[in-house]
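Notes for the structure review
Residue strings, one per chain:
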Amino acid sequence: MPLVQLSIELPEQTWVHDVTEDHPEATVRVLAGMPDDDVGFALLEITAPDIEAVLRSMAGHSLLTDIEPLQLGDERALVQIETTAPLLLLSAQASGIPIEPPVVIRDGTADVELRTSHDRLSALGEELDRFGFTYTVESIYDAADPERLLSERQRELILTAVEEGYYDTPRECSLTELAEKVGIAKSTCSETLHRAEGIIVRRFVDKHLSEKPPKLAART
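Just so it is clear, the structure is predicted and the values come from calculations on it, not from any experiment.

What counts and what doesn't
- Residue indices begin from 1 for each chain and proceed along its sequence in written order.
- Only residues with pLDDT of 70 or above have their local features reported here, since the model is predicted, and side-chain atom pairs are shown and tallied only from 80 upward, although totals for entire chains, interfaces and linings are computed over all residues.
- Excluding hydrogens and water, the side-chain figures rest on all heavy atoms present in the structure.
- Working definition: helices are DSSP H or I runs of at least four residues, strands are E runs of at least two. Numbering for both runs from the N terminus.
- For this analysis, residues touch if any pair of their heavy atoms sits within 4.5 Å.
- Only the protein chains shown count as covering a residue, and every accessible area follows the Shrake-Rupley method with a 1.4 Å probe.
- Think of it this way: a Phe, Tyr or Trp ring, Trp meaning its six-membered ring, pairs with another when their centres are within 6.5 Å, and the plane angle makes it stacked under 30 degrees, edge-to-face over 60, tilted otherwise.
- The rule for a charge over a ring is simple: NZ of Lys or CZ of Arg within 6 Å of the ring centre, and within 35 degrees of the ring normal.
- Nonpolar side chains (Val, Leu, Ile, Met, Phe, Trp, Tyr) within 5 Å and like charges within 9 Å form the patches, drawn only from residues with over 30% relative accessible area and no salt bridge.
- Salt bridge criterion: a side-chain nitrogen from Lys or Arg within 4 Å of a carboxyl oxygen from Asp or Glu.
- Only protein chains enter the accessibility calculation, which uses a 1.4 Å probe. A residue is then buried if its area is under 20% of the maximum for its type, exposed if over 50%, and partly exposed in between.
- In short, DSSP must find at least two bridges between two strands for them to pair.
- Convention adopted: a line fitted to C-alpha atoms gives each axis, helices being fitted over their contacting stretch, and angles between N-to-C directions are expressed from 0 to 180 degrees.
- Oblique is the label for any angle not covered by the other classes, which are roughly parallel (under 35 degrees), roughly antiparallel (over 145) and roughly perpendicular (65 to 115).
- Throughout, a crossing is termed right-handed when the near helix is turned clockwise from the far one, and left-handed when it is turned anticlockwise from it by less than a right angle.
- Ten residue types, Ala, Val, Leu, Ile, Met, Phe, Trp, Tyr, Cys and Pro, are classed as nonpolar, four, Asp, Glu, Lys and Arg, as charged, and the remainder, Gly among them, as polar.

1. Some words on the overall build of the protein
In terms of regular secondary structure, the protein is built from seven helices and eight strands. Of all intrachain contacts in the protein linking residues separated by at least 6 positions in sequence, the fraction that spans at least 24 positions is 64%. Of the roughly 12,700 Å² that the protein leaves accessible, carbon and sulfur atoms contribute 50%.

Here it is, written out as structure tokens:
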């Protein structure tokens, strides 16, 4: 089943669009979500230099009907929310596609990974259009198409990381230095690397480690 990576621009006046555009330094990770009719519940991890300002913006948004901080630190919060317009969750539900967490949202744009058939992907596209989303298919990876394992951005970052010695032992390049090298924020660099590494590891496991090793005979 293909692995699809989407970049989705969230509609204006949705709470997460408004809050992340007002606070472009913030990153919202949707760790879990569940739609219920026209209401949605979600568990979020939010990181930002001024986490209190982000939470105040959320509390003042009309589409968020409940906000419950579960953990609160200087630059990180774990929050459970209820919203009256879970458009992305409703789109996924209507097309029968489970979205793989985390969904990472920055500056009004969500990075989404999902595994689905081409027919269901088309159905999701119709639902996104219906709700006013603008989206780009960053990559569609099929096991029969290894050249499309990673998106162009992921390939560039992984290759740069290898060239700069990020994966050497001892490490020759820090995450901060790697982010500066490619000209992206450290948090974006970390998230992109994590997703790319996850795809590469899953591909390796599927290809080379999927068969269980034979059991060793018990010693007598």
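Continuing now.
2. With respect to the packing of aromatic side chains
In this structure the tally under the stated criterion is one aromatic pair. In this structure, Arg130 packs its charged tip against the face of Phe131, placed 4.5 Å from the ring centre. We note Arg171 situated over the ring of Tyr166; from NZ or CZ to the ring centre the distance is 3.9 Å.

3. Focus on a nonpolar patch on the surface
A cluster of nonpolar residues, Val201, Phe204 and Val205, forms a patch on the protein surface that exposes about 250 Å² of accessible area. Among the secondary structure elements, Val201 is positioned in helix H7 (residues 186-209).

4. Digging into the pattern of salt bridges
Tallied over the full model, the rule gives seven salt bridges. Of the charged contacts in the structure, one is a salt bridge between Glu191 and Arg29, with a shortest N-O distance of 2.6 Å. Separated by 162 residues along the polypeptide, Glu191 in helix H7 and Arg29 in strand S2 (residues 27-36) bring together distant segments of the chain. The exposure class assigned to Arg29 is buried, which follows from its relative accessible area of 13%. Two residues, Glu164 and Lys181, come together in a salt bridge whose shortest N-O distance is 3.7 Å.

5. Quick look at the pairing of strand S7 (residues 109-115)
On a regular strand, one side chain projects to one face of the sheet and the next to the other, so that they alternate. Of all seven residues making up S7, five are buried, and the element is well covered by its neighbours. Relative to S7, strand S1 (residues 3-9) runs antiparallel, the two being bridged by seven bridges. Residue pairing for S7: Leu6 is matched across the bridge by Val112. Judged from the five bridges that link them, strand S6 (residues 99-106) and S7 form a sheet pairing that is antiparallel. Bridge pairing in S7 places Glu100 opposite Glu113.

6. Concerning the packing of helix H5 (residues 152-164) against helix H6 (residues 175-182)
Interaxial distance between H5 and H6 falls to 10 Å at its minimum, and their mutual angle equals 125°. Classified by the angle between their axes, H5 and H6 sit oblique to one another. When you trace H5 past H6, the crossing you get is right-handed. Contacts between H5 and H6 involve Leu157, Thr160, Ala161 and Glu164 on the former and, on the latter, Leu178, Lys181 and Val182. For the contact of H5 with H6, the per-class residue count stands at four nonpolar, one polar and two charged.

7. Observations regarding unusual backbone geometry
In this structure, the amide linkage connecting Thr169 to the following residue, Pro170, adopts the cis form with an omega of 0°. Looking at where Pro170 falls in the secondary structure, it is placed in the loop between H5 and H6. With a phi angle near 80°, Gln13 is a residue other than glycine that sits in the positive phi range. Residue placement: Gln13 occurs in the loop between S1 and helix H1 (15-22). Judged by relative accessible area, Gln13 falls into the exposed class, the value being 63%.

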